[in-house]
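# Coordinate analysis (summary)
Here is what each chain is made of, one letter per residue.
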Amino acid sequence: MRDVTCPYSKEVMNHFRNPHNLGEMNEADGIGKVGNPLCGDVMRIYIKVSESEKGEEIIKDIKFQTFGCVAAIATSSMVTELAKGKTIDEAMKITRNNVADSLDGLPPIKMHCSNLAADALHAAIKDYKSKKLQSEDVVI
Amino acid sequence: MRKVYMDYAATTPVDDRVLEAMKPFFSKKYGNASSMHSYGQDAKNALDNSRHILADSINAKNNEIVFTGSGSEADNLAIKGVAFANRFKGKHIITSSIEHHAVLEPCEWLEKQGFDLTILPVDKSGLVDPSAVETAIRKDTILVSIMHANNEIGTIEPIDEIGRICKENDVYFHTDAVQTFGKISIDIEKMNVDLLSTSAHKLYGPKGVGCLYVRDDVKIEPLIHGGKHEFGLRSSTENIAGIVGFGKAVELRKGEMPTEMRNLTKLRTILIKEVIKIEDAHLNGHSELRLPNNANFWFKFIEGESLMMDLSLNGVSASTGSACSSKSLKASHVLLAIGLKPEEAHGSLRLSLGKYNTAEDVEYVLNVLPKSVEKLRKISPFKRDWNSENNFEKNIRT
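Residues numbered from 1 in each chain as written. Chains lettered and ligands numbered in written order. Predicted model: local features only at pLDDT ≥ 70, side-chain atom pairs only at ≥ 80, totals over all residues. Heavy atoms only, no water.

### Comments concerning the overall build of chain A
What chain A contains, in helices and strands, is 6 helices and 3 strands. Taken over C-alpha atoms, the radius of gyration comes to 15 Å for chain A, in line with the 14 Å a tight globule of 140 residues would show. The buried share of chain A, reckoned over its 140 residues, is 51%. Of all intrachain contacts in chain A linking residues separated by at least 6 positions in sequence, the fraction that spans at least 24 positions is 60%. (Helix = DSSP H or I, 4+ residues; strand = E, 2+ residues; numbered from the N terminus. Rg over C-alpha atoms; globule rule 2.2 N^0.38 Å. Buried < 20%, exposed > 50% of the residue type's maximum accessible area, 1.4 Å probe, protein only. Contact = heavy atoms within 4.5 Å.)

### Brief notes about the interface of chain B and chain A
Each partner contributes residues to the interface: chain B has 32 residues there, and chain A has 36 residues. Across the chain B to chain A interface the summed buried area is about 2900 Å²; carbon plus sulfur atoms make up 63%. Between chain B and chain A we count 1 salt bridge in total. Between Glu305(B) and Lys110(A) there is a salt bridge, with its nearest N and O atoms 2.9 Å apart. (Buried area = accessible area lost by both parts, 1.4 Å probe. Salt bridge = Lys/Arg side-chain N within 4 Å of Asp/Glu carboxyl O.)

### Description of the packing of helix H1 (residues 10–17) of chain A against helix H2 (residues 70–83) of chain A
Residues and elements named next belong to chain A. Across the interface, H1 lies against H2 with an axial gap of 8 Å and an inter-helix angle of 85°. The angle between H1 and H2 falls in the class roughly perpendicular. Where H1 abuts H2, its residues Glu11, Val12, Met13, His15 and Phe16 lie against Val70, Ile73, Ala74, Ser77, Met78 and Glu81. (Axes fitted to C-alpha atoms, helices over the stretch in contact; angles between N-to-C directions. Parallel < 35°, antiparallel > 145°, perpendicular 65-115°, else oblique.)

### With respect to the packing of aromatic side chains
Residue and element names in this part refer to chain B. Enumeration according to the criterion identifies 9 aromatic pairs over all chains in this entry. Grouped by ring-pair contacts, the aromatic residues Tyr5, Tyr8, Tyr204 and Tyr356 constitute a single cluster. Here the guanidinium or amino end of Lys80 rests over the ring plane of Trp109, the centre of that ring lying 5.3 Å away. The ring of Phe115 has Lys91 sitting right over it, with the charged end atom 5.4 Å from the ring centre. (Phe/Tyr/Trp six-rings, centres within 6.5 Å; stacked < 30°, edge-to-face > 60°. Lys NZ or Arg CZ within 6 Å of the ring centre and 35° of its normal.)

### Remarks on the domain arrangement of chain B
All names here are of chain B. With domains assigned, chain B is organised as domain 1 (4–9 + 257–397) and domain 2 (16–253). Distance between the C-alpha centres of domain 1 and domain 2: 30 Å. Domain 1 puts 24 residues into the contact, and the matching count from domain 2 is 29 residues. When domain 1 packs against domain 2, the two sides together hide about 2300 Å² of surface, and 56% of this comes from carbon and sulfur. Ranking the residues of domain 1 by area buried against domain 2 places Met257, Leu291 and His333 at the top, with a combined share of 28%. Where domain 1 meets domain 2, there are 1 salt bridge. Between Glu260 and Arg253 there is a salt bridge, with the nearest N and O atoms lying 2.9 Å from each other. Counting across the interface, domain 1 meets domain 2 through 15 residue pairs in polar contact (both at pLDDT 80 or more). Of all the elements in the fold, those that place two or more residues in the side of domain 1 that touches domain 2 are helix H9 (240–275), strand E10 (294–299) and helix H11 (333–337). (Domains from an automatic or database assignment. Polar contact = N/O pair within 3.5 Å; in protein donor to acceptor, adjacent residues only side chain to side chain.)

Shown next as structure tokens:
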């Protein structure tokens, strides 16, 4: 649904108004950081990963912090919702388009510049994996 | 929810009296001002009357008023028109880094066509140094274009002095007065200007009408050729209703301007005084030499489009110089020119007041704005500095 007095979808405005999973995370297992203040968008995604009974690595908790426009904040909030409770392999498959679609679309001009949340999520997972490798190295 | 419009620098509502004056010219007095019959003459008289009101308001002659389709068109006509007409005299044009795009873009386009362009810097408050204009003038300089007051930060330029320098050096001087006309009194003789652009929709008139004052001895070519309307400088059947509205709006300004500007200055001063009390809030532009209705700030660690939209959700309409809200996705060239870093320019907010704003409106904004800033700072990863890497590292499990 599109409110004609607003360039963004209702869903985008809902997430902007009440962002989900907002905040810092102490002792995160992985942190993803994308963007640059010069360009006007910076996103940070923090994840906590735990192993399920089946031995899968699950995103147990996820938080975000964002400096940026409405689209940047809403996509960050949405990606945390999409990734929460997923395995890290499933979360790696979340794309920028998935995020935009879940928000009922973004203005075309925002598709490229402010739709970085999936990248931040992927960066957090990669960070988690490399930390895990490092700690395994230490153990060995 | 209260609705507060504080974006009068973007556009203003049409005054009811202006609308009433315009109405007959749509379906009753619809003649073409070029026609000899009574319908045409009604239109012609209305056109002449508006022309006279505008001329009188800036101390010009009737034949020096050229109606255009917008302020941007007036700027384009002034710059390209003078450049083409004087290209055998010289090819050098001087302007400033904080001009409106309607001035900068035509100048840069002319540069591509083989003209030379000097873009003068401004100081931190947005002022052009008149002595820098004097130094930049060369033998082949044909035009200087410096705005009367800046549309974003409201800084009022030393136009009288720049005009005098241009006159002494025999160089045409154009000023974009779109933001000042109707707010500050304009006397083209005192200002020594040869060309001056204005627009109706900034002073409670309709959109789609502008005006270029062209001193009667200026050599200028038209942009639009055709039926020789507007002394051959702007062919097109005249937008009579719009021009009548422009005339009426200017006529009303004459009586209302002094009191209104005193009121707006008062409200604006309270606004600035209170907003800069917010932590890490800064005023952009000059503290005194600024438009009576303009306030422009930047807030550290937040982004302007988010701020503008959060204010909008709370009923306040304002604007920002952030890249995210611009079609070009670039931060405001004006804010960068006064020395703001891009990340600082992204956090800018312009509040521009108008005659329908009240003390209660200001109070409401002062209540809503700090909350919006606080909310967005909670979302932002930056808390103490832009390079919060130390802060960042501490979150990683060790």
